[in-house]
Amino acid sequence: MGDSAAFEWICDQLEERTALNRLEARGTVRLALKKAGLEPSRVVPAQMKVLIEKRLCDELAACGVGDATRLCDSLAAAVGAIDAGPPGVDSPDDVFRRLGRS
Amino acid sequence: MELLAAVGVVTFTVVALVIGLRMLISWTRTREVTELLVGLPLLCLGPLAFPSGIIGFRTLETAPQVAIPLIGFAALMLAIGGCCPAIFTYRVFRPRSGFARGAAIALPIVLALDWILRCSTGGFDYRSIHYDSLFYLPWILRIAALSWAGGESLRYWRLMRRRLALGLADPVVTNRFALWGIGIGCGAISTLLALLSIVLTSDAVGLDARYSLGISAVALISAITLFLAFLPPQRYIRFLEARAESA
């Protein structure tokens, strides 16, 4: 299953801007996503922004990343610019929201 | 006892009829296949399978020429009612899974072949039925399909609850995952209860009264959860929103 553009973007950013290697960066983001009930394959930029603001900072600090707060502020400001690509199939949330209006 | 057992079944039939029709009407407007995959099984399991099955089994001795086609019709409705939630689950929760796609394709094929085989071999004449492994196959497949549908929805509800804590989910939509999971999961439990009654008594015509009562209770729970999922009263919506705000 392919991971979303938002997931790939944040992992690339962490790998580039911290001392975390690729495996550590992806693992840290996956852990934060799991705690937030989000999935790497479906997470969208708007959800990633909230994740960065509310969860990722703590995860990065726990990994020993210095000045995690400033890094997260910068990432949260930039994440909105990600091109999420063309909309794929409806997410389960979209379907269940629509079913409630039927 | 019979009257008590009828309460749950009748309630489920009415709720399934109303929601099923609403979903089908919505599908004619939106052409979204998910609406069809929710509406069709509710109509098949509730207002179509229950009455035809009950009348079929009650009249099997006195008017078999009417009863046997009715039982066959009920079996077809139960098969459709088992297939649609499985296809829905594949499309909504596991669209990229090869295993889920395989299950969603194989299940209707196997159940259709089983139904055709029974039609051609008198398999709906329950007076002379053989309780062999072929008899139990559609029962087990339906239980598996409905359990899968319920389980996937409840799994996603757990994810949604975590999102809710971050303000990333709507409390009413989150709750709908739980309600659909319980409602459709009840279908698996009631099928299992019917199967247990048949296995323990070797009699599919007249279900044991205790199991009938159990099926009725489960049908009542299913009716309540499906009603709250798709026709929630404003008061219930306000309750969910207030609870989410206070959390």
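Quick look at the structure, then.

Check the secondary structure of chain B and you find eight helices and zero strands. Along chain B, helices (α) and strands (β) appear in the sequence α-α-α-α-α-α-α-α when read from the amino end. Taken over C-alpha atoms, the radius of gyration comes to 19 Å for chain B, in line with the 18 Å a tight globule of 247 residues would show. When the 247 residues of chain B are sorted by exposure, 49% land in the buried category.

Residues Phe 96 of chain A together with Ile 19, Val 38, Phe 88, Trp 180, Leu 226 and Phe 230 of chain B are the most contacted members of the largest nonpolar core, which totals 39 residues. Counting only elements with at least two residues in this core, the list comes to helix 5 (92–101) of chain A together with helix 1 (2–30), helix 2 (33–58), helix 3 (64–93), helix 5 (133–165), helix 6 (171–201), helix 7 (209–230) and helix 8 (234–246) of chain B. At seven residues, the largest contribution of residues to this core is made by helix 6 of chain B. Setting aside residues up to four positions removed in sequence, Trp 180 of chain B forms contacts with Phe 96 of chain A together with Val 38, Phe 88, Ser 153, Gly 185, Leu 226 and Phe 230 of chain B. Formed by 31 residues, the second largest nonpolar core is a distinct cluster that contains Cys 11, Ala 36 and Val 65 of chain A together with Leu 168 of chain B.

With that settled, the discussion passes to the packing of helix 2 (residues 22–36) of chain A against helix 3 (residues 45–62) of chain A. Residues and elements named next belong to chain A. Orientation of helix 2 relative to helix 3, taken along the N-to-C sense of each, is 115°, at an axis distance of 9 Å. Relative to helix 3, helix 2 is oriented so that their crossing is right-handed. Across the interface between the two elements, Thr 28, Val 29, Leu 31, Ala 32, Leu 33, Lys 35 and Ala 36 of helix 2 pack against Met 48, Leu 51, Arg 55, Leu 56, Glu 59 and Leu 60 of helix 3. Per-class residue counts for the contact of helix 2 with helix 3 are nine nonpolar, one polar and three charged.

So, on to the interface of chain B and chain A. Taken together, the contacts link 26 residues of chain B with 24 residues of chain A. Between chain B and chain A the total buried area reaches about 2500 Å² when both faces are included, carbon and sulfur atoms providing 59% of it. By the criterion of area lost to chain A, the three top residues of chain B are Arg 96, Leu 166 and Leu 168 of chain B, representing 26% of everything that side buries. Between the two partners, chain B and chain A, sit four salt bridges. Ionic pairing is found between Asp 93 of chain A and Arg 163 of chain B, a salt bridge with its closest N-O pair at 2.9 Å. Linking chain B with chain A are eleven residue pairs in polar contact (both at pLDDT 80 or more), by the criterion used here. Mapped onto the side of chain B that touches chain A, the elements with two or more residues apiece are helix 1, helix 2, helix 3, helix 5 and helix 6 of chain B. Residue contributions to the side of chain B that touches chain A peak at seven residues, all from helix 5 of chain B.

Residues and elements named next belong to chain B. Here the structure, examined in full by the defined rule, presents 15 aromatic pairs over all chains. An angle of 85° between the planes, with centres 6.1 Å apart, marks the rings of Phe 12 and Phe 50 as edge-to-face. Of the two residues, Phe 12 sits in helix 1 while Phe 50 sits in helix 2, which places them 38 residues apart along the sequence. Their ring planes at 75° and their centres at 6.0 Å tell us that Tyr 126 and Phe 135 sit as a pair that is edge-to-face. You'll find Tyr 126 and Phe 135 in the same group, each marked buried.

As a further point, take a nonpolar patch on the surface. Side chains of Val 10, Val 14, Leu 17, Val 18, Leu 21 and Ile 25 of chain B sit close together on the surface and give an oily, nonpolar patch of about 490 Å² of accessible area. Among the residues examined, Ile 25 of chain B registers a relative accessible area of 52% and is labelled exposed.

As a further point, take the packing of helix 4 (residues 98–121) of chain B against helix 5 of chain B. Residues and elements named next belong to chain B. Viewed as axis vectors pointing N to C, helix 4 and helix 5 meet at an angle of 150°, and their least axial separation amounts to 11 Å. Of the possible angle classes, the one that applies to helix 4 and helix 5 is roughly antiparallel. The hand of the helix 4/helix 5 crossing is left-handed. Of helix 5, the residues touching helix 4 (which contributes Ala 100, Ala 103, Leu 107, Val 110, Leu 111, Asp 114, Leu 117 and Arg 118) are Leu 134, Phe 135, Leu 137, Pro 138, Leu 141, Arg 142, Ala 145 and Trp 148. A per-class count over the contact of helix 4 with helix 5 returns 13 nonpolar, no polar and three charged.

Tallying each qualifying case throughout the model produces 19 salt bridges over all chains. Glu 15 of chain A is paired through a salt bridge with Arg 22 of chain A; the nearest N and O atoms lie 3.9 Å apart. For Glu 15 of chain A, a relative accessible area of 33% puts it in the partly exposed group. With a relative accessible area of 43%, Arg 22 of chain A lands in the partly exposed category. Measuring nitrogen to oxygen at the nearest pair gives 3.5 Å for the salt bridge that ties Arg 98 of chain A to Glu 32 of chain B. Residue Arg 98 of chain A is located in helix 5, and its partner Glu 32 of chain B is located in the loop between helix 1 and helix 2; the two belong to separate chains.

Definitions and limits used
Residues numbered from 1 in each chain as written. Chains lettered and ligands numbered in written order. Predicted model: local features only at pLDDT ≥ 70, side-chain atom pairs only at ≥ 80, totals over all residues. Heavy atoms only, no water. Helix = DSSP H or I, 4+ residues; strand = E, 2+ residues; numbered from the N terminus. Rg over C-alpha atoms; globule rule 2.2 N^0.38 Å. Buried < 20%, exposed > 50% of the residue type's maximum accessible area, 1.4 Å probe, protein only. Core = buried A, V, L, I, M, F, W, Y, C linked by side-chain atoms within 4.5 Å. Contact = heavy atoms within 4.5 Å. Axes fitted to C-alpha atoms, helices over the stretch in contact; angles between N-to-C directions. Left-handed = near helix turned anticlockwise from the far one by under 90°. Nonpolar A, V, L, I, M, F, W, Y, C, P; charged D, E, K, R; others polar. Buried area = accessible area lost by both parts, 1.4 Å probe. Salt bridge = Lys/Arg side-chain N within 4 Å of Asp/Glu carboxyl O. Polar contact = N/O pair within 3.5 Å; in protein donor to acceptor, adjacent residues only side chain to side chain. Phe/Tyr/Trp six-rings, centres within 6.5 Å; stacked < 30°, edge-to-face > 60°. Patch = residues over 30% accessible without salt bridge, like charges linked within 9 Å, V, L, I, M, F, W, Y side chains within 5 Å. Areas by Shrake-Rupley, 256 points an atom, 1.4 Å probe, with all protein chains shown as cover. Parallel < 35°, antiparallel > 145°, perpendicular 65-115°, else oblique.

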